[in-house]
Amino acid sequence: MSGADESRGLSLDELPLFERGSGGRRGYTLPLLAERERDAESLPAELCRDDLDDFPELSEMEVLRHFLRLSQWNFSAATNFYPLGSCTMKYNPVLNEKIARLSGFAELHPLTPTPAAQGALELMARLEALLAEVSGMDAVSLQPAAGAHGELAGMKMIRAHHVSRGSPRRKVLIPQSAHGTNPASSALCGYGVVPVASNDEGMIDPAAVAPLVDAETAAIMVTNPNTLGLFEKDIVRIAGAVHEKGGLVYFDGANMNALLGVAKPGHMGADVLQFNLHKTFSTPHGGGGPGAGPVAVKRVLADYLPVPRVVRGDAGYHLSDDFPKSIGRIRAFFGNFGMLVRAYAYMISLGGDGMRWATQMAILNANYVRKRLEGVLELAYDGPCLHECVFSDSKLEPLGIETLDLAKRLLDYGFYAPTIYFPLIVSGAIMIEPTESETRETLDEFIAAVEAIVGEAREHPERVKSAPHRTRVSRLDEVRAARQPKLRWRKASIE
Amino acid sequence: MRYIPHTEADVAAMLGAIGLRSLDDLVAHIPAALRRQATLDVPNGLGEADVTARLAALAAKNRVAPSLLCFAGAGAYPHFIPSVVDHVILRSEFSTAYTPYQPEVSQGTLQATFEFQTLIASLCGLEVANASMYDGSTATAEAVLMAKRLAPKAGRVLVAASLPPQYREVVRTYLEGLGGLESEEVPFGADGRVDLAALERRLTPAPAAVVVGYPNFFGVIEDLQAIAAKTTAAGTLLVTVTPEAMALGLLRPPGALGADIAVGEGQSFGIPLSFGGPYLGLFATRERFVRSMPGRLVGETVDEQGRRGYVLTLATREQHIRRERATSNICTNQSLCALAATVFLALAGRRGLRELAERNARKARHALRCLRERAGAELVFSAPFFNEFAVCLPNARVRYERAFERGVLAGVPLGQWFPALEDALLVCATEVHSADDIDRLAEALVE
């Protein structure tokens, strides 16, 4: 990997940290010591390690350059249209990064006595109230660290509710189109999963649900709009059928970006839902987190919310553990607070009018893409969508290309790929979520790229099947990665 | 709204392309009864200047250094964050990317995560580390669930009473309702370490795992070798929990001392206190357990031209493939925090991290000396500690309150979790505390 190479100019090669640097270099200087503390001892040698094997020795600028070069190999929502369905890759306002770094937030220790943390607690209380209002729910906990963590908290609450009435019950109904986290979270709460088939409109059919519900049904988990981007029009009846047998309704709030100011889950029969603040409320995804997954509940579950909870008393806000029916603590401290700050800043920036406008424009953008592409790709289900649209691979197959090929070729055109092969009920699914942030011009360019790729598939299918061509690396050997796992750098891996 | 680009002309043209007349037509298929009730009782939006003013006012209601000098640790530690860390994680290419599902345009996140896994595995003295968990407490709970998968017949897990109390609570919440695994506590002795005789008595029948702190909640360094000798003899897994990851820069690595799973809280590596999150759950284990591991993993491979590249791998353990049979329900993790830690560890490097950890140990010893000499404090536990220690002083609670009035957060009162330690404070000192700061602490606690 060493030596001059004139081909590296545009996409600079960057060796792993461990193959760079030189013994003795450093990128960190310790603070000064005062004379009177110099004689303080360290730990006895027998407790100490010999070395930090593999740790690099680099100057500050080498470290900076390394990571800046790596950053240039990423597509991101800020640099590229990122129509990743179900992930709501909207604009993440840079203002919110500045706000979260205000010293009063960033340097606040979580065990600071509450009189000295009133601003943080007030922000949490205000965010709870906003989330309750937009969802039509009664109470909120901000503790869960991500959507799946919120699901876990929600299902634990449902379990606690049933236990208090004599039995936890045994099963949870989950549509086949659901996110994988739904069944995984149910299993973590000790429940068996009963799949619910979608009908030929891509919806849950109340007639299919009713026979599955009995006295052992703890809950149904529904996503609305569902993962096809379609509004479950019978949601109220479905919830009614489950409630009638004493079951509860878990509402997966991953797709809330389609609902703000348009419809509230609290009116659809939801008993508990999680928000993905890193989707609907614009906290950056960070390449896979941190997110935040607050849970909102109706009164029936309020006593079971995780502790501690923010409480307002005579002397201001404080945190209380005094909720005997609570499911308990689900993480240390009080949630991903820094993300809560960003989400709150986002919500007051948009306000009620802006949130409704955002939802309307997200729906407009998705329907525009749906309409413009429905002659090029095959829509999985006809009819209007909400914030995302899903196509199948049935028009690609005759051309000899697969969904994966289309996705990879889109990268060459400068677009991140849609979510692919999900939901599982659509053959070769292509799930496009443009969000409200994108201009009509960008959507037109994306649509033109899809059309161009389908055209290429007719003329030069190999060009599409071997894509991407313009990215830093070509298709990677995932089978080899899984069969011979190499999960850390080792000296032997220098080639 | 400045975040949304659509003009009236855009909207009209796009509606026309769709074949609709109004925005209401877009949602006409949602039942009217739901739409009628959907009004948001939320004030209208604000410009950047107004948002900044409101949030700055809220931030100003919180007291941080220098108005309140923080010597609290207990799972969240004040450390210096080099400028390069924030500069890198502010890069939108990192911060606004999604989980790297399309590896060809995500090599930045993927290579950095591979480097993170390498650094954490090396720190822990184990073969593999995952791409991160939510925090130290949930990493601990996931380690217990992993032990249950590896020893499905064991009915118990032993958890040291000297683990952070909040971590123990989280483990309890995760296990509730799962059935088949009871959590049982192992007491600590007068030296603050796991009571080895009590541990031995609880090892028959063999539990799924023994979970101990390293250092533990009191900052005390457990005798891992002695504990591992007993867990090995009993044929049970040893899980270590490190709430202050900085300690691993100095201490013998848990894997080398017999830990099968090492988890921890990585906040100390370049992540701000931020009132408790987002933080960084660390999770490392032995290679032979990798398929039972929770969380994402990045692996090295090659592209079609044979060039080195990285991908998410071993995904058949995960929820999006395995659904209800997944090893965990985790999806989004703490990727950007893992990046911050990677940058931090690269800057500190092989010698710098060791020196930094050593500086922490020395600062804590200097702080203890000052508290002993000037505030009459006594060390509660006799075993060696890292950068945090429990001290006992008469009227501790009153003195803590008075120090708070004087602008010093003099650690954390231990009585709220351990009634027998009503007169004890848990105090941490790190590289951020100058000798003058430590003097201020000692003076603030004078009777």
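Quick caveat: nothing in here was measured; it's all calculated off a predicted structure. (Residues numbered from 1 in each chain as written. Chains lettered and ligands numbered in written order. Predicted model: local features only at pLDDT ≥ 70, side-chain atom pairs only at ≥ 80, totals over all residues.)

1. Focus on the overall build of chain A
This is how it is decided: What counts as a helix is a DSSP run of H or I of at least four residues, what counts as a strand is a run of E of at least two, and both are numbered from the N terminus. The globule rule used here is 2.2 Å times the number of residues to the 0.38 power, and the radius of gyration it is set against is calculated over C-alpha atoms. Our contact criterion uses C-beta atoms placed from the backbone: two residues qualify when those atoms are within 7 Å.
For chain A, the helix and strand inventory stands at 14 helices and 13 strands. A compact globule built from 495 residues should have a C-alpha radius of gyration of about 23 Å, and chain A, at 26 Å, falls within 12% of that. Contacts in chain A between residues at least 24 apart in sequence constitute 71% of all its contacts with a sequence separation of at least 6.

2. Considering the overall build of chain B
Rule in force here: Exposure classification rests on a simple neighbour count of other C-beta atoms within 10 Å of a residue's own: a residue reaching 20 or more is buried, one at 12 or fewer is exposed, and one in between is partly exposed. C-beta atoms are placed from the backbone.
For chain B, the helix and strand inventory stands at 15 helices and 15 strands. Its C-alpha atoms put chain B at 80 × 55 × 50 Å along the principal axes. Out of the 447 residues belonging to chain B, those deemed buried represent 61%. When contacts within chain B are restricted to residue pairs at least 6 apart in sequence, those whose partners lie at least 24 apart make up 73%.

3. Examining the interface of chain B and chain A
When the parts come together, some accessible area is lost, and that loss is often what is quoted as the size of the interface. Definition in use: All amino acids are sorted into three groups, where Ala, Val, Leu, Ile, Met, Phe, Trp, Tyr, Cys and Pro are nonpolar, Asp, Glu, Lys and Arg are charged, and the leftover types, Gly among them, are polar.
Residue-level contacts link 163 residues of chain B with 168 residues of chain A. Looking at side-chain class alone, the side of chain B that touches chain A contains 84 nonpolar, 47 polar and 32 charged residues.

4. Observations regarding the pairing of strand β6 (residues 237-242) of chain B
Walk down a regular strand and you will see the side chains alternate between the two sheet faces. Residue and element names in this part refer to chain B. Convention followed: Pairing between strands is defined by DSSP: at least two bridges between them are needed. A clockwise path from the first strand over the helix to the second, with the strands pointing away from the viewer, defines a right-handed crossover.
In terms of residue burial, β6 counts as a mostly covered element, since six of its six residues are buried. Neither face of β6 is open: one carries Leu237, Val239 and Val241, the other Leu238, Thr240 and Thr242, and all of them are buried. In this structure, strand β5 (residues 209-213) lies alongside β6, joined through five bridges in parallel fashion. Within the sheet, the bridge partner assigned to Gly213 lies in β6 and is Val241. Considered for its hand, the β-α-β crossover made up of β5, helix α11 (residues 224-234) and β6 is right-handed. Direction of pairing for β6 relative to strand β7 (residues 261-265): parallel, over a ladder of four bridges. Looking at the pairing, Val241 lines up with Val263 of β7.

5. Some points on the packing of helix α13 (residues 335-375) of chain B against helix α15 (residues 435-444) of chain B
All names here are of chain B. Note the following rule: Helix axes use the C-alpha atoms of the stretch in contact, all axes being lines fitted to C-alpha atoms, and the angles between their N-to-C directions lie in the range 0 to 180 degrees. Crossing chirality is assigned from the near helix's rotation relative to the far helix, an anticlockwise turn below a right angle marking it left-handed and a clockwise turn marking it right-handed.
Where α13 meets α15, the closest approach of the two axes is 9 Å, and the angle between their N-to-C directions is 35°. Taken as a pair, α13 and α15 cross one another with a handedness that is right-handed. For the pair formed by α13 and α15, the contact residues are His366, Ala367, Cys370, Leu371, Arg374 and Ala375 on the first element and Ile438, Asp439, Leu441, Ala442 and Glu443 on the second. Here the residues of the contact of α13 with α15 are counted per class, giving seven nonpolar, one polar and three charged.

6. A word on the sheet that holds strand β7 (residues 295-297) of chain A
Residues and elements named next belong to chain A. An order of β1-β7-β6-β5-β4-β2-β3 is seen for the seven strands of this open sheet, with the pairing classed as mixed. Every other strand in the sheet has two partners, leaving β1 (139-141) and β3 (192-196) as the edge strands with one partner each. The mean angle between the axes of side-by-side strands here comes to 25°, regardless of whether they run parallel or antiparallel. Packed onto the sheet, helix α5 (residues 147-164) meets β4 (217-223), β5 (248-253), β6 (272-275) and β7 and runs at close to 165° relative to β6. Running over the sheet, helix α6 (residues 181-188) touches β2 (171-175), β3, β4 and β5 and is turned about 175° from β2.

7. Some words on the domain arrangement of chain A
Quick note on the threshold: Just so you know, the domain bounds were taken from an automatic or database domain assignment.
By domain assignment, chain A separates into domain 1 (10-71), domain 2 (95-348) and domain 3 (352-480). The C-alpha-based centres of domain 1 of chain A and domain 2 of chain A are spaced at 41 Å.

8. A closer look at the environment of Gly376 of chain B
All names here are of chain B. Secondary-structure assignment places Gly376 in the loop between α13 and β11 (378-379). Put simply, Gly376 and Leu445 are 69 residues apart on the chain and 9.1 Å apart in space, counted from C-alpha to C-alpha. The contacts of Gly376, once residues within four sequence positions are left out, are Leu393 and Glu447.

9. Some remarks on the domain arrangement of chain B
Residue and element names in this part refer to chain B. Looking at the assigned domains, one finds that chain B contains domain 1 (69-81 + 350-444) and domain 2 (84-343). Between domain 1 and domain 2, the C-alpha centre-to-centre distance is 27 Å. Taken together, the 27 residues of domain 1 in the interface contact 28 residues of domain 2. For the side of domain 1 that touches domain 2, the elements supplying multiple residues, two or more each, are α13 and β12 (388-392). By residue class, the composition of the side of domain 1 that touches domain 2 is 18 nonpolar, six polar and three charged.

10. Looking at the sheet that holds β11 of chain B
All names here are of chain B. Read from one edge to the other, the open sheet built from four strands follows the order β11-β12-β15-β14, with strand pairing classed as antiparallel. Each end of this open sheet is capped by a strand with a single partner; those strands are β11 and β14 (412-413). Across two bridges, the pairing between β11 and β12 is antiparallel. In the strand pairing of β12, Leu379 is matched with Val391. Of the strands in this sheet, β11, β12 and β15 (424-428) touch α13, which is tilted by about 10° from β12.

11. Notes on unusual backbone geometry
Across the junction of Asn224 of chain A and Pro225 of chain A, the peptide omega takes the value -5°, indicating a cis bond. By secondary structure assignment, the location of Pro225 of chain A is in the loop between β4 and α8 (235-244). Residue Phe422 of chain A is joined to Pro423 of chain A through a cis peptide bond whose omega torsion reads 0°. Even without being a glycine, Arg169 of chain A presents a positive backbone phi close to 70°. For Arg169 of chain A, the location among the structural elements is in the loop between α5 and β2. Even without being glycine, Phe275 of chain B reaches a positive phi, approximately 50°. Along the polypeptide, Phe275 of chain B turns up in the loop between β7 and β8 (281-285).

12. Structural notes on the confidence of the model for chain B
To be explicit about the condition: One number per residue, pLDDT, summarises how confident the predictor is, and it ranges from 0 to 100.
Across chain B, pLDDT averages 97, with 100% of residues at or above 70. Interface predicted TM-score (ipTM) for the complex: 0.98; the corresponding pTM is 0.97.

13. Some details on the pairing of β3 of chain A
All names here are of chain A. As defined by bridge partners, β2 adjoins β3 across five bridges and the pair is classed as parallel. For Leu173, the partnering residue across the bridge sits in β3 and is Val194. With α6 bridging β2 and the parallel β3, this β-α-β connection has right-handed handedness.

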